[in-house]
Amino acid sequence: MFPTVFDSEDLTPLRDLARKFATDRLAPGYRARESSAAFGADLVREMGSLGLIAPELPEEFGGLGASTIYSGVIIEEIARADFNFGYVNILGALNGQILANFANPELKRHWLPRLIGGEVMVAIALTEPRGGSDAASLGLKMERDGDHFVLNGEKTSISAADQSGGVVVFARSGRPEDKAKGISAIFVPMDTQGISTTRFVDMGQHAVGRGSIFFDNVRVPADHLLGELGKGFVQVMQGFDFSRSLIGLQCLGTARQSLDETWAYIGQRKAFGKPLGAFQGITHQLADFDTRLEAARLLCLNALWLKDRGLHHVAEAAMAKWWPPLLAYEAIHACLLIHGHAAWSVELPFEQRLRDVLGLQIGDGTAHIMKNIIARERSGREAVSA
């Protein structure tokens, strides 16, 4: 079963809208936002006003009620201009879906229109200092106290924590031996008393920012629980299959832009009296990446296509998460080398793109974890368990 991804409706107008916003508004400030280490609230609101954040969410909250392919088309175009700004789309899609599916009606009415409109961002807090991949062994505690839950502990490596108005938190509400069955999810406004944040100094993704969130006797209303108590890990984590596909397209959009620029460059740059395009050692390398980028793109779109039809797509989403970030890094690296000494300078965008995409070989699930998921899906959990 394989998609003709544009068989049901013409998404060209949406792509054109996203491309115009990305080209006119995002591309000129890509490097500047790295220096400022922030997205820029006005730009986020502008993107939201155009309907470019979480269009798959219900119309009653300001979304379009569209298929997830819409978000896939949008993030490709956003990432071509500014890889980091694609995180606005990732967080909007993932957390918007979590809130729409599991939040109480009042929370939905208050937060979803603002998220879709770009008025607020919502982060997601899963990783802790002692590990990120073994998410079921979380240590942050969430204890009931009357009509509130009290949170104590630390989350780390959280993207856009200091730029977000709310955060979806995974915490241990049961016994440690319960593992995943003792994990709950809860929505926490970031202005709640007892929350503090720090920001790390990373080699890339400066506009996104990554840091820790500390919870010191943070009291959160019990009705902010997302999903059932003790079942948040199993229920809410299913949304990651959606975000993994979008992450793949985010990386591929940046790689595609780099490749398009390099195809144009080899037609203009001359060596030994000939355009670089006359040398097969260069053109065959680019043709190889061009082919693989298209294949990886279809892989990601296939996962979204399956999701839109309610079909199982866990393995496909894991494939979309591990391969495209690696492929994008390799493609951008090759483009940088073909541009020669000029690309060693920060005057060209390749070095920043290279640093930015590298982070997604680590964040949101490493390649090893994604391959474990694929193996489990194909062979069964018992076959791959020690």
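Residues numbered from 1 in each chain as written. Predicted model: local features only at pLDDT ≥ 70, side-chain atom pairs only at ≥ 80, totals over all residues. Heavy atoms only, no water.

Caption draft 1: Molecular detail of the packing of aromatic side chains. Taken as a whole, this structure holds 2 aromatic pairs when the rule is applied. When the ring of phenylalanine 39 is compared with that of phenylalanine 85, the centres are 5.5 Å apart and the planes differ by 75 degrees; the resulting orientation is edge-to-face. In this pair, phenylalanine 39 is assigned in the loop between helix H2 (30-36) and helix H3 (41-49) and phenylalanine 85 in the loop between helix H4 (68-81) and helix H5 (86-102), connecting sequence segments 46 residues apart. Residue class for phenylalanine 39 comes out buried when judged on its relative accessible area of 2%. With 4.8 Å between their ring centres and 65 degrees between their planes, tryptophan 111 and phenylalanine 187 make a pair best called edge-to-face. Taken together, the positions of tryptophan 111 in helix H6 (residues 105-116) and phenylalanine 187 in strand S5 (residues 183-189) put the pair 76 residues apart, joining distant regions of the chain. In this structure, tryptophan 111 and phenylalanine 187 share a single accessibility class: buried. Above the plane of the ring of tryptophan 111 lies arginine 114, whose end atom (NZ or CZ) is 4.9 Å from the centre. Over the ring of phenylalanine 149 we find arginine 144, and its NZ or CZ is 5.1 Å from the ring centre. (Phe/Tyr/Trp six-rings, centres within 6.5 Å; stacked < 30°, edge-to-face > 60°. Helix = DSSP H or I, 4+ residues; strand = E, 2+ residues; numbered from the N terminus. Buried < 20%, exposed > 50% of the residue type's maximum accessible area, 1.4 Å probe, protein only. Lys NZ or Arg CZ within 6 Å of the ring centre and 35° of its normal.)

Caption draft 2: Molecular detail of unusual backbone geometry. Backbone geometry at alanine 160 places phi at a positive 60 degrees, although glycine is not the residue there. Note on placement: alanine 160 falls in the loop between strand S3 (148-159) and strand S4 (166-172). On the basis of relative accessibility, which here comes to 0%, the residue alanine 160 falls in the buried class. Notably, asparagine 217 is not glycine yet its phi reads approximately 50 degrees, a positive angle. Among the structural elements, asparagine 217 can be located in strand S7 (residues 210-221).

Caption draft 3: Representation of the pairing of S7. Relative to S7, S3 is paired through 9 bridges, and the arrangement is antiparallel. Counted as the bridge partner of phenylalanine 149 is valine 220 from S7. With 5 bridges joining them, strand S6 (residues 195-199) and S7 adopt antiparallel strand pairing. If you follow serine 196 over to S7, its bridge partner there is phenylalanine 214. (Pairing = 2+ DSSP bridges.)

Caption draft 4: Up close: helix H8 (residues 240-268). With 29 residues, H8 extends 43 Å between its outermost C-alpha atoms, agreeing within 8% with the 42 Å of an ideal straight helix rising 1.5 Å per residue. Within H8, 23 of the 29 residues are buried, which leaves the element mostly enclosed by the surrounding structure. (Expected span 1.5 Å × (residues − 1).)

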